[in-house]
There are 2 protein chains.
Amino acid sequence: MALNKEEMSEKVLAIAEALINEGGVDNLKARTIAEQAGISVGSVYNLFGDLDGVHRAVNMRLLDRLGAAGIAAMAELERVGANDVRHRVLAMAAAYVRFVEAHPGSWPALLAFNRRRVTPQEPDAYEARLDELFDIVAGVLKAGDFDLDDKRRALAARTLWSSVHGIVTSGYVAKSDGRQADEIWQQIELLVGIFVKGLTREGLERGGAFAHAGSKPA
Amino acid sequence: MALNKEEMSEKVLAIAEALINEGGVDNLKARTIAEQAGISVGSVYNLFGDLDGVHRAVNMRLLDRLGAAGIAAMAELERVGANDVRHRVLAMAAAYVRFVEAHPGSWPALLAFNRRRVTPQEPDAYEARLDELFDIVAGVLKAGDFDLDDKRRALAARTLWSSVHGIVTSGYVAKSDGRQADEIWQQIELLVGIFVKGLTREGLERGGAFAHAGSKPA
């Protein structure tokens, strides 16, 4: 039975994502997709316009999946009643680490795609999707009772994401995979712990609450 | 006049680095190097063993250059008498941003090389060079009068580096180069400011100095 257009699109995207994961964007070729999907190269182009269109559609799926992973991590925190901010940010970071590990080629290719393609013509839906992801992290920070306005909280969320991303992907040399994973997690724990303490201190400074914090008898 | 072996090595490495900067490691080919250097492919291999040997030698030069940039940034801070830790860490971050921008292909290729090649056989000199770079950052933190032992200070230095690296390279989408640069610098300023505040707070907590900090009349 022939697949309908939507089913064929899904099949093409699954193949495309596997190709990118295996060999990066250089491994994404219309001919390979067509062969594996059992359709003509022309049909691939009919579905997605061009190879960039295929890649953009793969990226949208990735962003959706990352968003779902973030929301699932939040739901799990709600379930176990964890409302400590440090704990919550660490859970989000852990979800991101798992996501990056599960998408070794396709996620770096998405980021490279962003760097390469950004123009004023870029569809806003794409950027909006990224901003939704940052909103999840900003929501976690909002629960933290820091003295952050919306703009600075959004910047802090992007900064945390960039930093965790850097820790996961910077490739600091360790002698074995085990030590590498330990190093990544130690850096994330230090970052998140110190960052939350720093936001707390900033809030105290702005609120003039230092005297209050020390108002117990010396 | 024929170049001696050392001069030819330098010439080969300069060509190799330019090739990597232009097109990544896929652009590094013994034939291209040989053509541009005016020598045979065999001569390239005689000098460096294999292409990985060429790449490793390019990487060593990059690490030396980054180390020199860090030391120059420190010297400039000494010259102007800047001894505030936040200011110092920001100056190191700025030096790193400039370095990454000046090496758009070769620096990502070095990090990818690390991820790909790490084995127990990897020469220790290579890892030692990276650790020397982290020592510079750790030295800046040491001046900060935080309550950090050597091990945690070294971890904090690696964490700061990974985080700044992530901010510079994560490819968060902005509509123009100008906005991208602004975004990067805003994230770095927030990260460093909050991180230094967090280390300070950690020090106060450990030192039990909160009461002291608030000992002025309420």
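Here the structure is a predicted model, which is why all the values come from computation and not from measurement.

### A short note on the overall build of chain A
Along chain A, the regular secondary structure elements total 10 helices and 0 strands. Moving toward the C terminus, one meets the helices and strands of chain A in the order α-α-α-α-α-α-α-α-α-α. Taken across its 218 residues, chain A has 51% of its residues classed as buried. In chain A, the proportion of contacts linking residues at least 24 apart, taken out of those at least 6 apart, comes to 67%.

### Things to note about the packing of helix α3 (residues 41-48) of chain A against helix α4 (residues 51-80) of chain A
Residue and element names in this part refer to chain A. At a closest axis distance of 8 Å, the pairing of α3 and α4 adopts a crossing angle of 60°. As judged from the angle between their axes, α3 and α4 are oblique. Where α3 crosses over α4, the two elements pack in a sense that is left-handed. Here V44, Y45 and F48 of α3 come into contact with α4, specifically with L51, G53, V54 and A57.

### Some points on the nonpolar core
One finds I33, W107 and I188 of chain A together with I33, W107 and I188 of chain B to be the most contacted residues of the largest nonpolar core, which totals 129 residues. If you tally residues by element for this core, the top one is helix α5 (residues 85-102) of chain A, at 11 residues. In this structure, I33 of chain B is in contact with V12, I15, A16, L19, L28, V44, L51 and V54 of chain B, ignoring residues within four places of it in sequence.

### Considering the environment of V58 of chain B
All names here are of chain B. Counting through the fold element by element, V58 comes out in helix α4 (residues 51-80). A relative accessible area of 0% means that V58 is categorised as buried. Residues V58 and D26 lie 32 residues apart in sequence; the distance between their C-alpha atoms is 15 Å. Those residues within four positions of V58 in sequence are excluded, and the remaining contacts are L13, A16, E17 and I20.

### Describing the pattern of salt bridges
All names here are of chain B. Taken as a whole, this structure holds 22 salt bridges over all chains when the rule is applied. Taking the shortest distance from any N to any O, the salt bridge between E17 and R65 comes out at 2.7 Å. Of this pair, E17 sits in helix α1 (residues 5-23) while R65 is found in helix α4, placing the two residues 48 residues apart along the sequence. Among the residues examined, R65 registers a relative accessible area of 32% and is labelled partly exposed. A salt bridge links R88 to E78; the nearest nitrogen and oxygen atoms lie 3.2 Å apart.

### Quick word on helix α2 (residues 30-37) of chain B
All names here are of chain B. Of all the positions in α2, only A30, I33, A34 and A37 are classed as buried. Buried residues of α2 fall within an arc of 95° about the axis and therefore sit on the same side. Counted as exposed and oriented over 90 degrees from the buried face of α2: R31 and E35. At its buried positions, α2 is contacted by α1, α3 (41-48) and α4. Within two residues after α2, G38 carries a phi angle of roughly 70°, on the positive side.

### Here's the deal with the packing of helix α2 (residues 30-37) of chain A against α3 of chain A
Residues and elements named next belong to chain A. Interhelical geometry of α2 versus α3 gives an angle of 105° and a closest axis separation of 8 Å. With respect to α3, the element α2 is oriented roughly perpendicular. For the pair α2 and α3, the contacting residues are A30, R31, I33 and A34 in the first and V41, V44 and Y45 in the second. Of the residues that constitute the contact of α2 with α3, the class distribution is 6 nonpolar, no polar and 1 charged.

### Remarks on the packing of aromatic side chains
All names here are of chain B. On inspection of all chains with the given rule, the structure shows 8 aromatic pairs over all chains. An angle of 75° between the planes, with centres 6.2 Å apart, marks the rings of Y96 and W107 as edge-to-face. With Y96 in helix α5 (residues 85-102) and W107 in helix α6 (residues 106-117), this pair connects stretches of sequence that are 11 residues apart. Take Y96 and W107: they sit in the same class, and that class is buried.

### As for the side chain of T159 of chain B
Positionally, T159 of chain B belongs in helix α8 (residues 150-169). Ignoring sequence-local partners within four residues, the contact set of T159 of chain B consists of I167, Q187, L190 and L191 of chain A together with F195 of chain B.

### Observations regarding the side chain of H103 of chain A
The topology assignment puts H103 of chain A in the loop between α5 and α6 (106-117). Contact partners of H103 of chain A, with chain neighbours within four places excluded, come to E17, N21, L62, R65 and P108 of chain A.

### Examining the environment of G166 of chain A
Mapped onto the elements of the fold, G166 of chain A is located in helix α8 (residues 150-169). Put simply, G166 of chain A and I184 of chain A are 18 residues apart on the chain and 9.8 Å apart in space, counted from C-alpha to C-alpha. Setting aside residues up to four positions removed in sequence, G166 of chain A forms contacts with S162 and G166 of chain B.

### Let's talk about the environment of G105 of chain A
Residues and elements named next belong to chain A. Along the chain, the position of G105 falls in the loop between α5 and α6. Expressed as a C-alpha distance, the spacing of G105 and V168, which sit 63 residues apart in the sequence, is 14 Å. When near neighbours in sequence (up to four residues on either side) are disregarded, G105 contacts I20 and N21.

### Section: the confidence of the model for chain A
Residue-level pLDDT values for chain A average 85, and 85% of them are 70 or greater. Both scores are available for the predicted complex, with the pTM at 0.85 and the ipTM at 0.85.

Conventions and cut-offs
- Residues numbered from 1 in each chain as written.
- Chains lettered and ligands numbered in written order.
- Predicted model: local features only at pLDDT ≥ 70, side-chain atom pairs only at ≥ 80, totals over all residues.
- Heavy atoms only, no water.
- Helix = DSSP H or I, 4+ residues; strand = E, 2+ residues; numbered from the N terminus.
- Buried < 20%, exposed > 50% of the residue type's maximum accessible area, 1.4 Å probe, protein only.
- Contact = heavy atoms within 4.5 Å.
- Axes fitted to C-alpha atoms, helices over the stretch in contact; angles between N-to-C directions.
- Parallel < 35°, antiparallel > 145°, perpendicular 65-115°, else oblique.
- Left-handed = near helix turned anticlockwise from the far one by under 90°.
- Core = buried A, V, L, I, M, F, W, Y, C linked by side-chain atoms within 4.5 Å.
- Salt bridge = Lys/Arg side-chain N within 4 Å of Asp/Glu carboxyl O.
- Arc of directions from axis to C-beta.
- Nonpolar A, V, L, I, M, F, W, Y, C, P; charged D, E, K, R; others polar.
- Phe/Tyr/Trp six-rings, centres within 6.5 Å; stacked < 30°, edge-to-face > 60°.
- pLDDT = per-residue confidence, 0-100.

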